[in-house]
Amino acid sequence: MKILFPGFSINAEILRPRKSSKYIFLLHGFTGSLNDFRNIAGKIDQEYTVAGIDIIGHGESDSPEDILLYSAAEIAAQFKKVINEFTSDRVVLAGYSMGGRAAISFAVNYPHQLKGLILESCNPGIDNQPEKEMRIIQDNKVIGIIESASMENFTDYWMDLDIFSTQKKLPYEIIRAIRNAKLKNNKTGLINSLKGFGTGVMPSFHNKLKNINIPALIISGELDNKYSCICEEMSKNIPLSRHVSIKSAGHNTHLEQPEQFISAVNTFLSELQ
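I will try to describe carefully the structure that is included in this document.

The next point concerns the nonpolar core. Membership of the largest hydrophobic core comes to 59 residues, with the highest contact counts inside it found for Phe25, Leu93, Leu117, Leu119 and Phe154. Considering each element in turn, this core owes the most residues, seven residues, to helix α2 (residues 72-86). In this structure Phe154 touches Phe30, Thr31, Val142, Ile145, Ile146, Ala149 and Leu190, once residues within four positions along its chain are discounted. In terms of nonpolar packing, the next biggest core, distinct from the first, is built from 24 residues, Ile40, Ile44, Val92 and Phe268 among them.

What follows concerns the pattern of salt bridges. Overall, the coordinates contain seven salt bridges when judged by the stated rule. Of the charged contacts in the structure, one is a salt bridge between Asp139 and Arg135, with a shortest N-O distance of 3.2 Å. Separated by four residues within a single helix, Asp139 and Arg135 lie in helix α4 (residues 129-148), roughly one turn from each other. Judged by its relative accessible area of 7%, Asp139 is buried. Two residues, Arg242 and Glu271, come together in a salt bridge whose shortest N-O distance is 3.0 Å. Of this pair, Arg242 sits in strand β8 (residues 241-246) while Glu271 sits in helix α10 (residues 258-271), and the two are 29 residues apart along the sequence. What makes Arg242 partly exposed here is its relative accessible area of 32%.

What counts as what
- Residues numbered from 1 in each chain as written.
- Predicted model: local features only at pLDDT ≥ 70, side-chain atom pairs only at ≥ 80, totals over all residues.
- Heavy atoms only, no water.
- Core = buried A, V, L, I, M, F, W, Y, C linked by side-chain atoms within 4.5 Å.
- Buried < 20%, exposed > 50% of the residue type's maximum accessible area, 1.4 Å probe, protein only.
- Helix = DSSP H or I, 4+ residues; strand = E, 2+ residues; numbered from the N terminus.
- Contact = heavy atoms within 4.5 Å.
- Salt bridge = Lys/Arg side-chain N within 4 Å of Asp/Glu carboxyl O.

Purely geometric stuff here, so don't read any function into it on its own.
This is how it looks when you write it as structure tokens:
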């Protein structure tokens, strides 16, 4: 389903239908798409209609040239319109990595539209200015690779990053499917996503986490030391939250240990009013 905006469209799909007013929307990471969740959508709490959104610049959503459309506030506003196309009730928003950062932006800007928040392996931003500048330098390096390399070479570079090293243990068929999906990415969309919504350029939401007064589940993989620390710290700052560590998993817990991930999510959903 394409939701139209002035000059571009955002793709969203029902991944598992139910005759229910309860919705959970799933948000993918950088270089991903809503298709990343098809293998787990059917196992999520049966009371929920499960939907996915292709974040701007990814999947079947458009990749406009205007970098301003990729800012944290604009992405949150896009989600608001997309969600309202499906339901007027409060929803659960679940985001992985970049999608988690986008979910935090939505929770800060439109808290009244959420009944629950699930954040997987994500960062609420960087407060320290030198760290922000270093991250921007790192993202600019990635942008340079996207611009100069083929999608095949960039995809191989991206999948070979240390943060995804634990995924190399996955069966070859799964790794091949992940790679083939990433090859469909649009260079403009990826570049503008980093320029407009990279961790270095996005606003820091650390001082706003205390204002997120809805139940929140924060998930990280025990083998992902960096994000385990970030997620544990977030859980201390979001009042109604708890942190769950997924055993034998790295950055992408829903891919590496789907049963543990689904168990944590379904337990959380069963506790929501």
